[in-house]
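Each chain, written out:
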Amino acid sequence: ITAEKAGFDHFMLKEIYEQPKAYRDTMGSRIDPTGKKVVMNELKMTNEYIKSIQQVHIVACGTAYHAGMVGKSIIEKLARIPVETDVASEYRYRSPIITPNTLVVVVSQSGETADTLAALREAKRCGARVVAVTNVVGSSVAREADDVIVTWAGPEIAVASTKAYTSQLIAFYLFGLYLAQTLGTQDEAYIADVVAELKQLPEKVEQILEHAEVIKECAEQIATHNNLFFIGRGIDYAVVLEGSLKLKEISYIHSEAYPSGELKHGTLALIEEGIPVIALATQPDLFEKTVSNIKEVKARGAYVFGIHTTGETELGKAVDQMLEIPQTIPLLSPALSVIPLQLLAYYASLARGNDVDKPRNLAKSVTVE
Ligand code: AGP
């Protein structure tokens, strides 16, 4: 077992450190040798079909659902197609409006999650085309979908998903770019810029991992608390939802993730002296607003850990502790900003003496509805 962990104390830590490789493998041959566009030979859907798509539904559970929330921003921004996201266990029961022009994207690391499989079958029954984003070739979801985009993260053993989630993000970037190329919704130069930035991500993840010690210290402070908040706006909100789930899953610390601007509509009442707030602020167009939301919680006594992109100096003045992540195109930032949140959950769980890889009450693959 120790050998399987390749010298790491836990599978989760090993899997966190495998992310640069998972990014590279998932991009692999899907980036054209010119480096300017994406090729997705595995897709059987025709260009004619892509042009007929009127809406996209992204359906998944847990962490895969959080990847889907980022996927919504990616597809809407790049391909300009309206996207809805649904938790798989809810999808069938809300009688969703599915037409033959609805593309349903199911996301499942294992490809065996019963709720996701049931949602896939419902989508097919209603005549939709289904694309599966999965880490397991030949899984049930992969077999039943019309198209499959495999994430090449390699086997994920820890119950808390890390490299599968980030590989799902990479799959969404590739698919979003592919749709944009086909639909002509973005010019070639912009697509080439995004592709070039995508290729830089693995190295930038390595840079973040080199500073794991700093995150460990934050985690040890957080581990002494029983409640905390995560805040973020726009795409950062989708990422803090994932950070909050990760922390709950393995540290058993109660946390909630909120869109930063929403606190004042109720949650601010829970902010009291010393409560930790983790604020993600990677989006330049939302930065000022986020800083003012941070000031709101600071004024009520919160202790704020801020995560922002290198070069933004303003945040430093507003927070108690700050962590920088490398710069990238704002749309790509989730593939970087989630890394410190994964490490935070890992080290908080460790500080509390929990079983990191096998948290209580949870299973790696949930095959009951
Ligand atoms: C992630 O840390 C969780 N263990 C869980 O939310 C998981 O992502 C969810 O159960 C979906 O699993 P799947 O990707 O295998 O379908």
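Only a predicted model underlies this, so the values are computations on that prediction, with no experimental measurement involved. (Residues numbered from 1 in each chain as written. Predicted model: local features only at pLDDT ≥ 70, side-chain atom pairs only at ≥ 80, totals over all residues.)

Trainee: What should I look at first to understand the overall build of the chain in this one?
Mentor: Helix and strand counts for the chain come out as 14 helices and 10 strands. Whereas a compact globule of 369 residues would reach a radius of gyration of roughly 21 Å, the chain reaches 20 Å, a difference of no more than 12%. Viewed in the frame of its principal axes, the chain has a C-alpha envelope of about 55 × 45 × 40 Å. Each of the 369 residues in the chain was classed as buried or not, and the buried ones make up 51%. Of the contacts made within the chain by residues no fewer than 6 positions apart, 75% connect residues no fewer than 24 positions apart. (Helix = DSSP H or I, 4+ residues; strand = E, 2+ residues; numbered from the N terminus. Rg over C-alpha atoms; globule rule 2.2 N^0.38 Å. Buried ≥ 20, exposed ≤ 12 C-beta atoms within 10 Å, placed from the backbone. Contact = placed C-beta atoms within 7 Å.)

Trainee: Could you clarify how one ought to interpret helix α4 (residues 62-79) in this entry?
Mentor: A rise of 1.5 Å per residue sets the reference length of α4, with its 18 residues, at 26 Å; its end C-alpha atoms lie 25 Å apart and thus fit the reference within 8%. By the criterion of burial, α4 is predominantly enclosed, with 15 of the 18 residues buried. One or two steps after α4, the chain reaches Arg80, where phi turns positive at roughly 55 degrees. (Expected span 1.5 Å × (residues − 1).)

Trainee: Can you walk me through the packing of α4 against helix α11 (residues 235-251) in this structure?
Mentor: The axes of two packed helices give the description: the angle between them and the distance between them. Where α4 contacts α11, the axes come no closer than 9 Å and their chain directions differ by 170 degrees. Classified by the interaxial angle, the pair formed by α4 and α11 is roughly antiparallel. Taking contact as the criterion, the partners of Gly62, Thr63, His66, Met69, Val70 and Ser73 in α4 are, on α11, Ile235, Ala238, Leu241, Glu242 and Leu245. Classifying every residue of the contact of α4 with α11 by side-chain character gives 6 nonpolar, 4 polar and 1 charged. (Axes fitted to C-alpha atoms, helices over the stretch in contact; angles between N-to-C directions. Parallel < 35°, antiparallel > 145°, perpendicular 65-115°, else oblique. Nonpolar A, V, L, I, M, F, W, Y, C, P; charged D, E, K, R; others polar.)

Trainee: Could you clarify how one ought to interpret the sheet that holds strand β10 (residues 321-325) in this entry?
Mentor: Strand pairing in a sheet takes place through backbone hydrogen bonds and is either antiparallel or parallel in direction. Spatial strand order, β7-β6-β8-β9-β10: 5 strands in an open sheet with parallel pairing. If you trace the sheet from one side to the other, it starts and ends with β7 (254-259) and β10, each paired once. Sheet twist, expressed as the mean angle between neighbouring strand axes with direction ignored, is 20 degrees. Taken together, the 6 bridges between strand β6 (residues 227-232) and β7 define a ladder with parallel strand orientation. Opposite Phe230, over in β7, you have Ala257 as the bridge partner. Packing against the sheet, α11 makes contact with β6, β7 and β8 (276-281), and its axis sits at approximately 175 degrees to β7. Packed onto the sheet, helix α12 (residues 287-299) meets β6, β8 and β9 (303-309) and runs at close to 175 degrees relative to β8. (Pairing = 2+ DSSP bridges.)

Trainee: What's the story with the environment of Val319 in this structure? I'm lost.
Mentor: Along the chain, the position of Val319 falls in the loop between α13 (314-318) and β10. Discounting chain neighbours no more than four positions away, the residues touching Val319 are Ala279, Ile294, Val304, Phe305 and Gly306.

Trainee: For this particular structure, what's the right way to read the pairing of strand β4 (residues 129-134)?
Mentor: Look at any regular strand and the pattern is simple: side chains alternate between the two faces of the sheet. Buried residues dominate β4, accounting for 6 of its 6 residues. On β4, burial covers both faces: Arg129, Val131 and Val133 on one face and Val130, Ala132 and Thr134 on the other are all buried. Both strand β3 (residues 102-108) and β4 contribute to a ladder of 6 bridges, which runs parallel. Looking across to β4, one finds that Val106 is bridged to Ala132.

Trainee: Quick question: what am I supposed to make of the nonpolar core here?
Mentor: Soluble globular proteins: nonpolar side chains tend toward being buried together. By size, the foremost hydrophobic cluster in this structure holds 120 residues, and its most contacted members are Val106 and Leu344. Ranked by residues supplied to this core, first place goes to helix α8 (residues 163-183) with 13 residues. Those residues within four positions of Leu344 in sequence are excluded, and the remaining contacts are Ile215, Cys218, Ala219, Ile222 and Leu247. (Core = buried A, V, L, I, M, F, W, Y, C linked by C-beta atoms within 7 Å.)

Trainee: Would you mind going over the site of the ligand with me for this structure?
Mentor: Near the ligand lie 15 residues; those nearest to it are Gly62, Thr63, Ser108, Ser110 and Thr113. If you tally residues by element for the shell around the ligand, the top one is α4, at 3 residues. Within the shell around the ligand, the residues separate by chemical class into 5 nonpolar, 9 polar and 1 charged. (Near = placed C-beta within 6 Å.)

Trainee: Before we go on, may I ask you to explain the environment of Ile235 in this structure?
Mentor: Summarising the element assignment, Ile235 is placed in helix α11. Taking the C-alpha atoms as reference points, Ile235 and Leu331, 96 residues apart in sequence, are found 7.6 Å from one another. When neighbours within four sequence positions are excluded, Ile235 is seen to be in contact with Val70, Ser73, Gln283, Ser333 and Pro334.

Trainee: When you look at α8 in this model, what are you seeing that I'm missing?
Mentor: For an α-helix, 3.6 residues make a turn, and residues three or four places apart therefore share a direction. The end-to-end C-alpha separation of α8 is 30 Å, in line with the 30 Å expected for 21 residues at 1.5 Å each. Burial runs high along α8: 19 of the 21 residues are buried.

Trainee: Explain the packing of α4 against α8 to me, please; I cannot follow it from the model alone.
Mentor: Here α4 crosses α8 at 20 degrees, and the two axes come no closer than 9 Å. Judged on the interaxial angle alone, α8 and α4 are roughly parallel. With respect to the hand of their crossing, α4 and α8 are arranged in right-handed fashion. Together, Thr63, Ala64, His66, Ala67, Val70, Gly71, Ile74, Ile75, Leu78 and Ala79 of α4 and Tyr165, Gln168, Leu169, Phe172, Tyr173, Gly176, Leu177, Leu179, Ala180 and Leu183 of α8 make up the contact between the two elements. Across the contact of α4 with α8, the residue classes break down as 15 nonpolar, 5 polar and no charged. (Left-handed = near helix turned anticlockwise from the far one by under 90°.)

Trainee: What am I meant to see in unusual backbone geometry here?
Mentor: Negative phi characterises most residues that are not glycine, and trans characterises most peptide bonds. Even without glycine at this site, Ser95 takes up a positive phi of about 40 degrees. Turning to its location among the elements, Ser95 is positioned in the loop between α5 (88-91) and β3. Exposure remark for Ser95: the 9 C-beta atoms within 10 Å place this residue in the exposed category. One non-glycine residue, Asn361, lies in the positive phi region at around 70 degrees. Note that Asn361 resides in the segment after α14 (334-351).

Geometry only, nothing functional implied.
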